Amino acid sequence: MHSDDSDGDCMLSDCESDDNEFGEESDEESDRVLVKMDYVMRENIYMPSDVPIQFFIGQCFRNFRQLTWAIKTYAVENKFKVYKYKFEKSRVTVGCNYFRCPWFLHVAKTRFGQTFIVRRLHNVHTCQRDLKNLECTAEFIVAKFAATIIEHPDTNVEWIQSELRRMYGAKIHKYKIYRAKKKVLQRQGADYESSYKLIINYAQSILTKMPQALALVKVFRMHGQQTETHFDNIVISFIALRDGFNQGCRPFIGIDGCHLKGVRVQFMH
Ligand SMILES: [Zn+2]
């Protein structure tokens, strides 16, 4: 059929970012399409869960993204590398990359929106399963553990490693998990950076509305950086509170400080 030593070009992981190319629809559109489908097809729509995936003829997928994710998860669960015969807008045919293993799956687009249906399936593997689990890429780990890592940035790499072993029997090297964790935190960090950029706008709005107020933003430059600045601190003083304290007996509230959790584990004071 095909050799086991083909290069990474055939791996399913390469297709993870192709969604836009296939014109993904919104969840609402997808729901409207499902209503139009006949009863049997609707009953056979794949529902993601923690239970190992089983493909069957007549099984339907909402869209290309759901289909590729299901194939990917199935490959990780069953420890084989996917070979792509056809990966097109209207049909997907994949097999097991192992030499002479007969497993294959053919899925075609239906006439209902972006949905796909399993047309042919040979659900037998004769290969020896690969404990390295090549389809369990850093991107797969990101997708599986992103929510946990964002909520608990100090999530132990060894814990993720043992979870991957428990869930998929996959022996994944720590470095791959480090890479995945770093990706999640970097993506999350990008959101933090865009939030910090809004602080200048916030200070400017205060001064526009209340010219007598005080809104000072202190920034600093890293060594060697000419244009890029980094947030250091902000001081805000509203005129009513300032005058109230100076001229009357308005109480002054002092805030001590707090430990920040999340991507930047720091102390705010
Ligand atoms: Zn196989």
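Quick note: structure is the one above.
Below you will find a few notes about this structure. (Residues numbered from 1 in each chain as written. Predicted model: local features only at pLDDT ≥ 70, side-chain atom pairs only at ≥ 80, totals over all residues.)

### Comments concerning the overall build of the protein
Right, so step 1: Summing up its helical and strand segments, the protein has seven helices and nine strands in all.
Right, so step 2: Put simply, the protein has 269 residues, and 19% of those count as buried.
Right, so step 3: Taking the contacts inside the protein whose residues are at least 6 apart along the sequence as the reference set, 56% of them involve residues at least 24 apart. (Helix = DSSP H or I, 4+ residues; strand = E, 2+ residues; numbered from the N terminus. Buried ≥ 20, exposed ≤ 12 C-beta atoms within 10 Å, placed from the backbone. Contact = placed C-beta atoms within 7 Å.)

### Notes on the sheet that holds strand β4 (residues 104–109)
Right, so step 1: Judged by pairing direction, the sheet is antiparallel, and its five strands sit side by side in the order β1-β5-β4-β3-β2 without closing on themselves. Two strands in the sheet have a free side with no partner beyond their single neighbour: β1 (60–61) and β2 (82–87). (Pairing = 2+ DSSP bridges.)

### Considerations on helix α3 (residues 64–77)
Right, so step 1: Its 14 residues give α3 an end-to-end C-alpha distance of 20 Å, which sits within 8% of 20 Å, the value for a rise of 1.5 Å per residue.
Right, so step 2: Taken together, the buried positions of α3 are occupied by Phe64, Gln66, Leu67, Thr68, Trp69, Ile71, Lys72, Ala75 and Val76.
Right, so step 3: Positive backbone phi, approximately 55°, marks Lys79, located one or two places after α3. (Expected span 1.5 Å × (residues − 1).)

### Digging into the pairing of β2
Right, so step 1: Relative to strand β3 (residues 91–96), β2 is paired through five bridges, and the arrangement is antiparallel. When the bridges of β3 are listed, Val82 appears paired with Cys96.
Right, so step 2: Linking two consecutive strands that pair antiparallel, namely β2 and β3, is a turn of three residues.

### Concerning the nonpolar core
Right, so step 1: In terms of nonpolar packing, the biggest core is built from 32 residues, with Leu67 and Cys136 touching the most fellow members.
Right, so step 2: The element contributing the most residues to this core is α3, with five residues.
Right, so step 3: Not counting residues up to four positions away in its chain, the partners in contact with Cys136 are Val76, Ile141, Leu164, Tyr168, Ala170 and Ile172. (Core = buried A, V, L, I, M, F, W, Y, C linked by C-beta atoms within 7 Å.)

### Observations regarding unusual backbone geometry
Negative phi values dominate among residues other than glycine, just as trans dominates among peptide bonds.
Right, so step 1: Even without being a glycine, Lys79 presents a positive backbone phi close to 55°.
Right, so step 2: The residue Lys79 is located in the loop between α3 and β2 in this model.

### Examining helix α5 (residues 157–168)
Right, so step 1: Counted at 1.5 Å a residue, the expected span for α5 with its twelve residues is 16 Å, and the 16 Å between its end C-alpha atoms agrees.
Right, so step 2: Those residues of α5 lying buried are Ile160, Leu164 and Tyr168. Buried positions in α5, seen along its axis, are confined to an arc of 40° and lie on one side of it. Seen from the buried face of α5, the exposed residues on the opposite side, beyond 90 degrees, are Glu158, Ser162 and Arg166.
Right, so step 3: Once α5 finishes, Gly169 follows within two positions and takes phi at roughly 65°, a positive value. (Arc of directions from axis to C-beta.)

### A closer look at the pairing of β3
Right, so step 1: Bridge analysis of β3 against β4 gives five bridges, and the strand direction is antiparallel. Across the sheet, the residue bridging to Arg91 is Ala108, located in β4.

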